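These are the residues of each chain, in order.
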Amino acid sequence: MSAEFGGRSGRQGRISQWLRGRRPKEVAGDGGREALLLAAATAGLPLAPAAHPSGYRCSCDRVGCPTPARHPVSFAWQTQSTTDHGQIERWARHQPQANFITATGLVHDVLDVPLDAGREALERLLAAGVEVGPVAESAGDRLLFFTATRGTPEDEDEWWPCELDCHPETMDEHPGLRWHCRGSYVPVPPARLMGDLTVDWVRGPEHPLPDPLSLLEVLTDACARHAGDHTERLAAWPHRR
């Protein structure tokens, strides 16, 4: 990693303050929800209806749902996903409580990283003048970096579809990073998850989608550093009998 990413300059500190305070303006009522969904569709993100919180359970009523309020409501979500404004408006008005997912690997991929690592990486990328696309914060513990898709690779071993409730076998090579490409999906803002958690834009969908490789080195480096810090903290924690 180049020296320009080392340390914390005054400029980086100002960027940190900007990241903590900057959120897209929300419009009150259902109109704000529709506007944000349509903005995502306008940016080319294909959407489909998803489950939502229903009391203390997922609206799907599946006992032990592994991804409550985060999964599509239809098994045909890949073919159902669309950017058609009329269809999205009908879904949103007919299902006012529903969350929405966006299918990855069609137009865009998502690089999904732990929150602290993602914040550090975003700060470094912006300080270095790298073009960063839309970014969402999910459930208060993950950052989602939206990028252009790389399409179908020639070397399948270097790529993986990553469902929300599983990890690829190669996760050890990229600690904490989940690459959502074809066959996967992520919740799209605005979304309400269990326990009053939410999915919100940090950088809105008006930002052009970058090539994922332009972000990957900084993201994997930040993930590895934070994974190492976490391991060191666990090792230093006094064991109790």
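The structure contained in this document is the topic of the report that follows.

**A few points about the pairing of strand β5 (residues 108-114)**
Link 1 in the chain: Counted residue by residue, β5 has six buried out of seven residues, so it is predominantly covered.
Link 2 in the chain: Bridge count between β5 and strand β8 (residues 178-180): three bridges; the pairing is antiparallel. Bridge pairing links leucine 111 to tryptophan 179 in β8.

**Some remarks on helix α4 (residues 85-94)**
Link 1 in the chain: Every buried residue of α4 is listed here: Ile88, Trp91 and Ala92. One side of α4 holds all its buried residues, which, seen down the axis, span an arc of 95 degrees. Every exposed residue of α4 that faces more than 90 degrees away from the buried side is listed here: Arg90, Arg93 and His94.
Link 2 in the chain: Between the side-chain oxygen of the N-cap and the backbone nitrogen of glycine 86 there are 3.3 Å, and the N-cap of α4 in question is aspartate 84.

**Points about the sheet that holds strand β10 (residues 191-192)**
Link 1 in the chain: Strand order in this open sheet of six strands is β8-β5-β7-β6-β11-β10, and the pairing throughout is antiparallel. This sheet does not close on itself; its edge strands, each paired only once, are β8 and β10.

**What to know about the sheet that holds strand β4 (residues 99-103)**
Link 1 in the chain: With antiparallel pairing, three strands are arranged side by side in an open sheet as β1-β4-β9. In the strand order of this sheet, the two ends are held by β1 (47-50) and β9 (185-188), each with one partner. Taken pair by pair, the neighbouring strands of this sheet meet at an average axis angle of 40 degrees, ignoring direction.
Link 2 in the chain: Two strands pair when backbone bridges link them, and β1 and β4 are joined in this way by four bridges, in the antiparallel orientation. Of the residues in β4, the one forming a bridge with proline 49 is phenylalanine 100.
Link 3 in the chain: Contacting β1 and β4, α4 crosses the sheet at an angle of about 10 degrees to β1.

Cut-offs applied
Residues numbered from 1 in each chain as written. Predicted model: local features only at pLDDT ≥ 70, side-chain atom pairs only at ≥ 80, totals over all residues. Heavy atoms only, no water. Buried < 20%, exposed > 50% of the residue type's maximum accessible area, 1.4 Å probe, protein only. Helix = DSSP H or I, 4+ residues; strand = E, 2+ residues; numbered from the N terminus. Pairing = 2+ DSSP bridges. Arc of directions from axis to C-beta. Polar contact = N/O pair within 3.5 Å; in protein donor to acceptor, adjacent residues only side chain to side chain. Axes fitted to C-alpha atoms, helices over the stretch in contact; angles between N-to-C directions. Contact = heavy atoms within 4.5 Å.

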